[in-house]
Amino acid sequence: MPNGPGKKASLIGRTSLPALLPLILFFTAFAQAAEQPIFGPVTYDVKARYGKENRYQETIETAEGFYIIKLQSGELEFQRPDLLSFSVNGETLLKEKQYGYRYVACFVQLKRTNTFELTIKDFTPPPFKRPRLPVRNVVLTIMPATVKLTNVALGLHEWEDVKRYADSLLKIQSPESSTFASAAANLKNDPEARAEAMRKLATRKDPNAGDFILNRFLDYSESPGVRGEAAVAFGILGETAAIPTLMRGMLDPEEKVRMGSARALSLYKEEDTKELLVKMLARMDSTMKAGVARAIVGVGWRPVGALLELAGSPDPVVANPGVEMLIGATDRQTIDAMLAYLESPGSRDVRLIIAVLGESKDSRAPAALSKMASDPAQSRWLEAELGAALAAFGDQKSAELIVAMIKRMDPRYRAYHKLLESYKKLTGTEYKELRAPGGKGP
C-alpha cells in the first residue's frame, strides 16, 4: 500500500458520508460564526444638510480581540456622504475628508467597553444656493477579524477585496517592509505621509511587496502621490513584466503618476523598454505625445535608441516628438543624427533640430549652426532659434552673426527681440545699432 498522501486518500475513501457530516457542519458553523456581526449593520443618515454636522456616538460591549469595522459609504452607490470622519475609543481612524472608496475596512483591537464616533455631512454649498440633495448615509458593521491586522484602515471598492488586500500586506515578512507598507496603505495617515512610506518601502527592494505595490498603483482612487511612488517602486524592483503597466502609467491623467512611471522606466535597460515605447509613441496623437514627452523630459530620462528611431521616421507627426524629446541629449549618436538632419531635414521641424544642437555642448555644432546663420536664405524664419543656440555656446565670435541677423529682421517681429536677448546673453551688453550722420544706418 502506498505511503503519504495516497494512504490518507485511501482512509478518507473508506469513511462514510454520515460520519463526515458532523465534521462538515462544525467547520461550516465555525466559519459562519467568525463572520457574524457583533454590531450592525446600522445605517446612519445625513439628516442635517448643506454642510451641517451629523455626529453619531455608540458604546458597545464585546470580548477583547481583533475586529473589522466595516464602513459602507452609502446603502446605494449614489448615497455616499461628501465628508466623513471616524474614531474608536478616542483614536481617529479617518480624518474628515472625502474618500473615494465605497468601503473602508478598519482593523482594530477592541476592549470590553468601546466607544466609536462617526461624523458625516454634505459639502458646504455656495451662499444663497440650496440644491436638492440626495439621500446620503453610512452603514456600519463590526465583526470578528479573520486576519491579524491592527490599527489600519484600508480603502476598498468591493468588500470581497478585503482578504486580497490584507493578504498582500501579510505576505510581506520583513518587519521593516511591513511597517512601511502598512503606513502607505493606512487611510488614517495623510497622503503625503503615505507617499513617503511607499518611497521608503521601495528602497528596500522587497520582492514580497510586489503584489501590494501593484494593487496601489492600479487603484485609481488611491492618492496620486502614493501611486507615483508605487510606480517608482516597480522600477526599483526591476521586474520586466511591469513595463507594459508602467508604459500605460505615462498616460495617466495625474501628473505625479505620469512622472513616477517615467522615472520607473528610466531605471530599466533601454533594450527592455525600446520596442514598447516606440510603438506607444508612434500611435499617439499630438496631445498625448506632448504629455508623455513632458514626463520623459521632466525626469531626465533619455531613451536615446527609441527616440532616434522615432526621429528617423518619414512621418513628421512621429519624427518631431522624437527630436523634441532629444533636446538636452549630449551623446555622440544623437548629435551625429542631428547634424545630418540639419543638412537634410526632410519633413522634420528644423527649429527642434537647432534646439538639440544648441544644448548639446558638442564642439561640432557651432560650425554647422554658424554656416546656416550666415546664409540669409537658409536662416530665414529660423533667426531666433539660431541666435539662442549660438549664444548657448558662449563663443564671442558668434556675436557678429547674431548682429547680422538682427539687421536683417523687422523690429516688429518677435524673433527680432529674441535675437536681442541672445546678443545680451552672449556679450553681456545691450545691442545698440550704430547709425551714420543724418540718421541713416551704416
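To keep things clear, this report deals only with the structure shown in the data block. It should be emphasised that the depicted structure is a prediction, and the values quoted were computed from it without experimental measurement. (Residues numbered from 1 in each chain as written. Predicted model: local features only at pLDDT ≥ 70, side-chain atom pairs only at ≥ 80, totals over all residues. Heavy atoms only, no water.)

### Some details on the sheet that holds strand E4 (residues 83-88)
Rules: Each pair of strands is called paired provided DSSP finds at least two bridges between the two strands. Only DSSP runs of H or I with at least four residues qualify as helices, and only runs of E with at least two residues qualify as strands; both kinds are numbered from the N terminus onward. For helices, the fitted axis covers only the stretch in contact; all axes are lines through C-alpha atoms, and the angles between them, taken along N-to-C directions, range from 0 to 180 degrees.
Pairing within the open sheet is antiparallel, and its four strands lie in the order E2-E7-E4-E5. Strands with a single pairing partner mark the edges of an open sheet, and in this sheet they are strand E2 (54-61) and strand E5 (91-97). Between one strand axis and the next, the sheet turns by 10° as a mean value, whatever way the strands run. Strand direction decides the pairing type here: E4 and E5, joined by four bridges, are antiparallel. The residue bridging Ser87 from the neighbouring strand is Thr92, located in E5.

### Let's talk about the packing of helix H4 (residues 175-185) against helix H5 (residues 191-203)
The following threshold applies: Any angle between 65 and 115 degrees counts as roughly perpendicular, while under 35 counts as roughly parallel, over 145 as roughly antiparallel, and the rest as oblique. The handedness criterion is simple: a crossing whose near helix is rotated anticlockwise from the far helix by less than a right angle is left-handed, and one whose near helix is rotated clockwise is right-handed. Residue contacts are counted whenever heavy atoms from the two residues lie within 4.5 Å of one another. Here the term charged refers only to Asp, Glu, Lys and Arg, the term nonpolar to Ala, Val, Leu, Ile, Met, Phe, Trp, Tyr, Cys and Pro, and the term polar to all other amino acids, Gly among them.
Between H4 and H5, the shortest axis-to-axis distance is 7 Å and the interhelical angle comes to 150°. Taken together, H4 and H5 sit at an angle that is classed as roughly antiparallel. The interaxial crossing formed by H4 with H5 has left-handed handedness. Contacts between H4 and H5 involve Ser177, Phe180, Ala181, Ala183, Ala184 and Ala185 from the first element and Arg194, Ala197, Met198, Lys200 and Leu201 from the second. Of the residues belonging to the contact of H4 with H5, the class tally is eight nonpolar, one polar and two charged.

### Regarding the environment of Arg380
Quick reminder of the rule: We call a residue buried when its accessible area falls under 20% of the maximum for its residue type, exposed when it is over 50%, and partly exposed in between, using a 1.4 Å probe and counting protein chains only.
Tracing the chain through its elements places Arg380 in the loop between helix H17 (376-379) and helix H18 (383-393). The exposure class of Arg380 is exposed, given its relative accessible area of 51%. Between the alpha carbons of Arg380 and Met405 there is a distance of 9.1 Å; along the sequence they are 25 residues apart.

### A look at helix H6 (residues 210-218)
Among the residues of H6, those classed as buried are Gly210, Phe212, Ile213, Asn215, Arg216 and Phe217. For H6, the secondary structure elements touched by its buried residues are helix H3 (162-170), H4, H5, helix H7 (224-237), helix H8 (243-249) and helix H9 (255-265).

### Some remarks on the pairing of strand E9 (residues 152-156)
Most of E9 is tucked away: five of the five residues are buried. Here strand E6 (residues 103-110) runs beside E9; their pairing, made up of five bridges, is antiparallel. By the bridge assignment, Phe107 is partnered in E9 with Val152.

### Focus: the sheet that holds E9
Backbone hydrogen bonds hold the strands of a sheet together, and the pairing may be parallel or antiparallel. Read from one edge of the open sheet, five strands run E1-E8-E3-E6-E9, paired in antiparallel fashion. Strands with a single pairing partner mark the edges of an open sheet, and in this sheet they are strand E1 (39-45) and E9. Adjacent strand axes in the sheet meet at a mean angle of 20° when their direction is disregarded. By the bridge criterion, seven bridges tie strand E3 (residues 65-73) to strand E8 (residues 137-144) in an arrangement that is antiparallel. Note on E8: the bridge partner recorded for Tyr67 is Pro144. Sitting on the sheet, H3 is in contact with E6 and E9, with an inclination near 130° to E9.

### Topic: the packing of aromatic side chains
The geometry of an aromatic ring pair comes down to the distance between the two centres and the angle between the two planes. Basically, it comes down to this: When two rings of Phe, Tyr or Trp (its six-membered ring) have centres within 6.5 Å they constitute a pair, described as stacked for plane angles under 30 degrees, edge-to-face for angles over 60, and tilted for the intermediate range. In this scheme, Lys NZ or Arg CZ marks a charge over a ring once it lies within 6 Å of the ring centre and within 35 degrees of the ring normal.
Within the structure shown, the criterion is met by seven aromatic pairs. The interplanar angle of 55° and the centroid separation of 5.0 Å between the aromatic rings of Tyr44 and Tyr56 together place this pair among those described as tilted. Taken together, the residues span a long stretch of sequence, with Tyr44 in strand E1 and Tyr56 in strand E2 at a distance of twelve residues. Pair check on accessibility: Tyr44 and Tyr56 agree, each one buried. Their ring planes at 85° and their centres at 6.1 Å tell us that Phe217 and Phe234 sit as a pair that is edge-to-face. Remark: Phe234 occurs in helix H7 and Phe217 occurs in helix H6; sequence separation between them is 17 residues. Looking at Phe234, the relative accessible area reads 6%, which means it is buried. Chaining the aromatic ring pairs together yields one cluster made of Phe39, Phe86 and Phe116. If you follow Arg227 out to its NZ or CZ, it ends over the ring of Phe217, 5.6 Å from the centre. The side chain of Arg348 reaches across the aromatic face of Tyr341, ending 3.8 Å from its centre.

### Description of the pattern of salt bridges
Test applied: We define a salt bridge as a contact between a side-chain nitrogen of Lys or Arg and a carboxyl oxygen of Asp or Glu at a distance within 4 Å.
Applying the stated criterion across every chain, the model contains 27 salt bridges. Two residues, Glu53 and Arg55, come together in a salt bridge whose shortest N-O distance is 3.0 Å. Given the relative accessible area of 42%, Glu53 is considered partly exposed. Its relative accessible area of 52% is what places Arg55 among the exposed residues. Close ionic contact of Glu222 with Arg216 constitutes a salt bridge, the shortest N to O distance being 2.7 Å. Take Glu222 and Arg216: they sit in the same class, and that class is buried. If you follow the salt bridges from partner to partner, you end up with Arg49, Asp82, Asp122 and Arg136 in one network.

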